[in-house]
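A closer look at the structure
Letter by letter, the chains look like this.
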Amino acid sequence: MRSAARTTLRLLESLIRLAQAHARLMYRDVVTLQDAIVAVTCVECSMQNTALLGGVNALHSRLVKKP
């Protein structure tokens, strides 16, 4: 079984890379809020209508450490 923390870490790393890539496409050296929003929107669209996460949106859920 895959860990939720590992999936979340991978997701965050992917969002960072997507935001950086969008900034480069816009000919910027610095990532802006707009780049981050575009990255999140892109990932949300790709996750929409998939059963991969069992109906849980990982972008809007909080990572909670269970005892």
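The rules behind each value
- Residues numbered from 1 in each chain as written.
- Predicted model: local features only at pLDDT ≥ 70, side-chain atom pairs only at ≥ 80, totals over all residues.
- Heavy atoms only, no water.
- Helix = DSSP H or I, 4+ residues; strand = E, 2+ residues; numbered from the N terminus.
- Contact = heavy atoms within 4.5 Å.
- Buried < 20%, exposed > 50% of the residue type's maximum accessible area, 1.4 Å probe, protein only.
- Polar contact = N/O pair within 3.5 Å; in protein donor to acceptor, adjacent residues only side chain to side chain.
- Salt bridge = Lys/Arg side-chain N within 4 Å of Asp/Glu carboxyl O.
- Expected span 1.5 Å × (residues − 1).
- Arc of directions from axis to C-beta.
- Core = buried A, V, L, I, M, F, W, Y, C linked by side-chain atoms within 4.5 Å.

1. What to know about the overall build of the protein
For the protein, the helix and strand inventory stands at 2 helices and 0 strands. For the protein, restricting intrachain contacts to residue pairs at least 6 apart in sequence, the fraction spanning at least 24 positions comes to 30%.

2. Regarding the environment of Ser 14
If you trace the backbone, Ser 14 turns up in helix 1 (residues 4-25). Classification of Ser 14 as partly exposed rests on a relative accessible area of 26%. Put simply, Ser 14 and Val 43 are 29 residues apart on the chain and 8.9 Å apart in space, counted from C-alpha to C-alpha.

3. Quick notes on the side chain of His 22
Note on placement: His 22 falls in helix 1. When sequence neighbours within four positions are dropped, the list of residues in contact with His 22 reads Arg 28, Gln 34, Asp 35 and Val 38.

4. Points about the side chain of Asp 35
Take Asp 35: it is sitting in helix 2 (residues 33-47). There is a polar contact of 2.6 Å between the side chain of Asp 35 and the side chain of His 22. Side-chain polar atoms of Asp 35 contact the backbone nitrogen of Thr 32, separated by 2.8 Å. Those residues in contact with Asp 35, other than ones at most four positions away along the chain, are Ala 19, His 22, Ala 23, Met 26, Arg 28 and Val 30.

5. Some words on the pattern of salt bridges
According to the stated counting rule, one finds 1 salt bridge in the structure shown. The closest approach of N and O atoms between Asp 35 and Arg 28, which form a salt bridge, is 2.4 Å. The class for Arg 28 is partly exposed, based on a relative accessible area of 25%.

6. Notes on helix 2
Over its 15 residues, helix 2 runs 21 Å from end to end, which matches the ideal 21 Å to within 8%, given 1.5 Å per residue. Among all positions in helix 2, only Asp 35, Ala 39 and Val 43 are buried. Buried residues along helix 2 cover an arc of 65° about the axis, so they all sit on one side. The exposed residues of helix 2 that point more than 90 degrees off its buried face are Leu 33 and Cys 45.

7. Side note on the nonpolar core
Counting 5 residues, the largest nonpolar core consists of Leu 11, Leu 15, Ala 19, Ala 39 and Val 43. Looking at which element gives the most residues to this core, the answer is helix 1, with 3 residues.

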